[in-house]
Amino acid sequence: MHPILILFLWLILFLPLAAAVGITLFALRSPARSAQLSIGAIGAAFGLSLALFWHFSSHPEPPEWYINWLSVADLKIDLGFRLDPLSLLMLLIVTGVGGAIHIYSWGYLRGDRSVPRFFACLSFFTFSMLGIVLANNFVQMFIFWELVGLSSYLLIGFWHERPAAADAAKKAFLVNRLGDFGFLIGILILWNVLGSVHFQTLQGKLADNPHALWSLTTVAGLLIFCGAMGKSAQFPLHVWLPDAMEGPTPVSALIHAATMVAAGVYMLCRVFFLFQAAPQWPDDIAWLQVSALDVIAWIGGITALLSALMAVQQNDIKRILAYSTLSQLGYMVMAVGVNGPGQGMYHLTTHAFFKALLFLGAGSVILALHHEQDIWKMGGLAKKMPLTYWTFLIGTLALCGVPPFSGFYSKDAILAAAFEHGQFVLFGLGVGVAMLTALYMFRLVWVAFGGSARSAAVNHAQESPRIITLPLIALAIPSALAGFFGIDHYLAGYFSHGRSAEAASWLHRLVAPFAQAPLPAWAGLVAVGVGFVAAWQLYREAKTDPLPRLLGGFAQAMRERFYFDELYAKIIAYTQDALATVVDGLDRWILAGTLVRGVHGTVELAGRLLRLLQTGNLQTYALVVATGVLLLLYCLIVR
Amino acid sequence: MLEQLATISNELLLTLLAFTVFSISLVSLKKTDGKAEVLVTAGGLLALLVLSFAGTMPHRAAFGDAYVTGPVAAIFKRLFLAAGILMALLSWPGKRKTDVAPFHHLGEYLGLLLLSIIGMCFLVSAMELALLYVGLELVTIPLILLVAINRHELRSAEAGMKYVLFSAMSSGLLLYGLSLVYGMAGTLSLAGIAAKLTWTPLTVMALALVMGGVGFKISAVPFHLWTPDTYEGAPVPVTAFLSVASKAAGFALFYKVVAGLFAVLGPSVVVMVSILATLTMTFGNLVALQQTNLKRFLAFSSIAQAGFLMIGLVHGGPLGLTSVVFYLAVYLFSNLAAFGVVTVVSAATGKEDMRDYLGLSESNPKLALVMMLAMFSLAGIPPLAGFLGKFYLFAAAAEKGMYWLVFVGAVNATISLYYYLIVIKWMYLLKAAEGRQRIEPIEVSWASWVVLGVSTVAMIVIGILPQFIHWAEVAASSGF
Amino acid sequence: MNGPTLEHYLVFSALLFCIGLYGMLTRRNLIAMLMSVELVLNAAALNFVAFHHFLFPGDSGGAVFPIFIIAVAAAEAAVALAIFIALFRHQQHLDVQQSDSLKG
């Protein structure tokens, strides 16, 4: 690679970090300076990414550059950058959409005391995300993966005075770590069996010998998928994402639309070669003839359906969007599972545009209403905030998949992939989710923007200032038109390795879905129509939500998110209690001496035993040591 | 003879230093504030650390192969010296509100510290049982006195009592095991014993007894019970030293005795160590969750960390040794950073409860930052060194094919993250008053800043620059 | 049958070890506990000497090791007694079961 290009890469990656460090060191007292630094860094990174993109659009060979970072025994870890259509596209999304959000944040948080801290975290987050995008090996990716988790913790908990925000931040962090275990163990298995953590080497080894992973093929794939489940909030690790809405709205837009949650899908596409081998299980469970891809597809489908159902009964504008994000992520993961990583990435791209747009629009509304988030206290906003309304509507149409808006094409691509792959149940599920999507999004639009004002706050609402509406407009354009950019061909060329993408006019692309796979296209369209009509009937003139009356308990369950949080809380509380009781008992029995025994009922029995043995503090310790030695002896001899 | 003395010049110079410090404190008759002693100790250790690269630790056998400083032993010795420097600086007598020892007896305190370091240096170089045993006791006995040095306080005396009896009992177990080993092999040389031992029930019994003694040193469950009490009762800098240097010496002992002597029992040792590792990690973590006293909290955290280290011991080859040595270095600096903050806060305010750290990020942002980084490093968050350390430990176990152990380790790493976050929560996230008094801004002496700064920089640099793991690897590939 | 054999010494030292351990676990007085520990150490020392005498008279290690053990035990006893005195000043007794201000 040309040295200038390498310099570009270093700059893209490290400019945001430099901004974060610079803000921490020099600009903690100056909001304006910190915003300039942060926005300048990401703007420059966007410009450089564009330059790279333009340069490599005429160079089909994926270049790679790395230096050896660590090498111990057989374990070699590089610090490297991998550039191919996948990472180039992702670079543009992260810096482009991220840049719009940076600018918007400056308007949104104006006046907040901690703006510099916010921008420092935001830049650090961008740095971590770019690290994932550029990584050329698993360990590097994992490191940045954890950094993304860490910086999201800081961002979600930005308003740490609110206990809910602090809790949400912790929850997001811990749930993500849960998925990361699997990821880490998967990486270790790959390294141990194949002797490398480097993507290209791994791909080469698996291409030479598809059975190189032996019976661990499927297990390794699923463990790697665990990481994506955490970051991309897939069922059953989806619980952190809606709570994470406690962060400031720009953070929601950045983390939950364009970057963090996309990381999981991106990773799946990056290592898609792992999933292409035939299913292979360890002998003991060989009867489980399920391939990793099937599991992925079904988890994606289930996530999409469950969260779409939950979205229908939410009343908080940001939560509706959060569940819709979950649902769309389900689509993307499902796309990967039905052998369509290109389609998944396509949807990721369009989704980044329109979901960021929707979140920012929601933020504009929230700001205008002085932090009112309940849609039933809005109404009639279309006239008060026309610019926000129209851009929000574009986002909605794109999300629902109304042609010619971008969402239609990417969603259709996924449905077509499922259909082609013979997964008719998943295909049907996808169509159903499309219907639900139209239902909950138009519910949101009509309740919040249509009708008449339902609270006093609406009467004083005003259109947001230019710095907030400009990013909205900037995002509305690609949300509407991304279907014609030819992103799908660009990606298809990458995933089918050299099969040259056919050049087509935009007019061609406009009708391509109907020409190539008419059934999925029409099915999707009809579903949207049904959802639209249902929303029209239910919410056009509604003063309150009619669904609870119609559905009763089911609507309640939807509103309560099918009780997953309660279930987890119960399970966690139960395990913790049980463990704590056991450990506490042990601890007290061992550690607490004569004074305590007899006082605490729980340790009374232990206390009696202790009295019988005539032991006290130190002697109990000695007894445990002696017992420990005996147990060791027993273990060793029995073996 | 001269050549033999030159071989142990590091230890000889340390002894000289120790007696110099004792003499200074005798001469000054407690009229001074002890700054001279601290400066001499820290400066002397620093000089020794520099000299160690100029030939005071030659790779040469002495005294009939009873003493050899291999490359790994040299790394250990440098770690001990570094820990000693930081400990001495941490004891700098600044303006203090509380009359916490060791600041009454700085001369004796620092001299004892040096004696203990001498013991550690002999321990890692010992190639023969008698030297090993004497080295071990030379580590422990000064530490007992250090724990109890604040004899005007009940807690310190009680901690000392527990430590002395516990250590005596565990060395009894160790010695009895070693005597059985001697009976089977007929020599005291480690290499000679390893070559002669065969699998018999008696060997197994000896292993169990020896493990009881070694388990005490590294605080492996169920031999860990002294740890929390002693850590809590001892003066904070002593606790810090116990938790890093003494533990590192314990792991050297483990490697020499359990893995070295009983090589013939290889598979059994692996099973035993992995079970102990699981117990140690899990127990340490679960109990740490319930602690609020920071010293006690860090005691359980250090028990859990010992469990992680034992994961690396499972792998008998160079990768295992590399990962253990590397993690010990990482752990040393991370733990010293954490204890450094606790020492500074405790010396200025007498507060050791994490609930007292409420809002520390606002009153003392730098201290809070160091503490947060230390917690993240101990929890294993990249890019801090703790992550890379854990990664190599796990990689070593994975190479052995022990995925279940990696899994247990990963689960425990998450549990540990939870309680490390609790400390951060008190410092950064909680704002409500709750009737607790905030800690005022603390004036931190330059010496403490050096300790905190060096530890923090080390935590970050070791995690990013590749040289360190490379050194560990080169050393490990040529043996202890 | 002239004089005790190795087995006699080994059994005797095992008994010493067990008595020491038992005393460690049951005596309430700190000084008695310290004495019990000394028994354990002596058991080990006796083992070394016995092995040296009966099995490896050529290897001096077994004869020298007990001297180290005795010396170290003396140092340990000195330190322990000093600490016990300090402890006694605080609580006016040496009952191990009531020395439990540090726990949990």
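Residues numbered from 1 in each chain as written. Chains lettered and ligands numbered in written order. Predicted model: local features only at pLDDT ≥ 70, side-chain atom pairs only at ≥ 80, totals over all residues.

**Here's the deal with the overall build of chain A**
So, step 1. A tally of helices and strands in chain A yields 28 helices and 2 strands.
So, step 2. By the burial criterion, 57% of the 639 residues in chain A qualify as buried.
So, step 3. Once local pairs closer than 6 in sequence are excluded, the contacts in chain A between residues at least 24 apart make up 78%. (Helix = DSSP H or I, 4+ residues; strand = E, 2+ residues; numbered from the N terminus. Buried ≥ 20, exposed ≤ 12 C-beta atoms within 10 Å, placed from the backbone. Contact = placed C-beta atoms within 7 Å.)

**What about the overall build of chain B?**
So, step 1. For chain B, the helix and strand inventory stands at 20 helices and 2 strands.
So, step 2. In summary, chain B has a C-alpha radius of gyration of 21 Å against a globular reference of 23 Å for 480 residues, a match within 12%.
So, step 3. C-alpha atoms of chain B, sized along the principal axes, occupy 65 × 55 × 40 Å.
So, step 4. The burial tally for chain B puts 68% of its 480 residues in the buried class.
So, step 5. Of the contacts formed within chain B by residues at least 6 apart in sequence, a portion of 80% connects residues at least 24 apart. (Rg over C-alpha atoms; globule rule 2.2 N^0.38 Å.)

**Some words on the nonpolar core**
When a protein is soluble and globular, its nonpolar side chains tend to lie buried together.
So, step 1. Counting residues in hydrophobic clusters, the biggest one holds 473 residues, and the most contacted among them are A:Val265, A:Ala356, B:Ala83, B:Leu123, B:Val325, B:Leu328 and B:Met371.
So, step 2. When residues in this core are grouped by element, the largest group, 22 residues, is from helix H14 (residues 318-349) of chain B. (Core = buried A, V, L, I, M, F, W, Y, C linked by C-beta atoms within 7 Å.)

**Observations regarding the interface of chain A and chain B**
So, step 1. Each side of the interface is counted separately: chain A has 40 residues, and chain B has 51 residues.
So, step 2. Looking at the side of chain A that touches chain B, its residues break down into 30 nonpolar, 4 polar and 6 charged. (Nonpolar A, V, L, I, M, F, W, Y, C, P; charged D, E, K, R; others polar.)

**Quick notes on the interface of chain B and chain C**
So, step 1. Taken together, the 33 residues of chain B in the interface contact 38 residues of chain C.
So, step 2. Per-element accounting of the side of chain B that touches chain C gives the leading share, 18 residues, to helix H7 (residues 154-185) of chain B.
So, step 3. Classifying every residue of the side of chain B that touches chain C by side-chain character gives 20 nonpolar, 7 polar and 6 charged.

**Brief notes about the packing of helix H4 (residues 115-134) of chain A against helix H5 (residues 138-156) of chain A**
Residue and element names in this part refer to chain A.
So, step 1. Here H4 crosses H5 at 155°, and the two axes come no closer than 8 Å. Classified by the angle between their axes, H4 and H5 sit roughly antiparallel to one another. Here H4 runs over H5; the crossing is left-handed. For the pair formed by H4 and H5, the contact residues are Cys 121, Leu 122, Phe 124, Phe 125, Ser 128, Met 129, Gly 131 and Ile 132 on the first element and Met 141, Phe 144, Trp 145, Leu 147, Val 148, Ser 151, Ser 152, Leu 154 and Leu 155 on the second.
So, step 2. Considering only residue class, the contact of H4 with H5 consists of 13 nonpolar, 4 polar and no charged. (Axes fitted to C-alpha atoms, helices over the stretch in contact; angles between N-to-C directions. Parallel < 35°, antiparallel > 145°, perpendicular 65-115°, else oblique. Left-handed = near helix turned anticlockwise from the far one by under 90°.)

**Side note on the environment of B:Ala458**
So, step 1. Secondary-structure assignment places B:Ala458 in helix H19 (residues 446-464).
So, step 2. Residues B:Ala458 and B:Val330, 128 residues apart in the sequence, show an inter-C-alpha distance of 8.0 Å.

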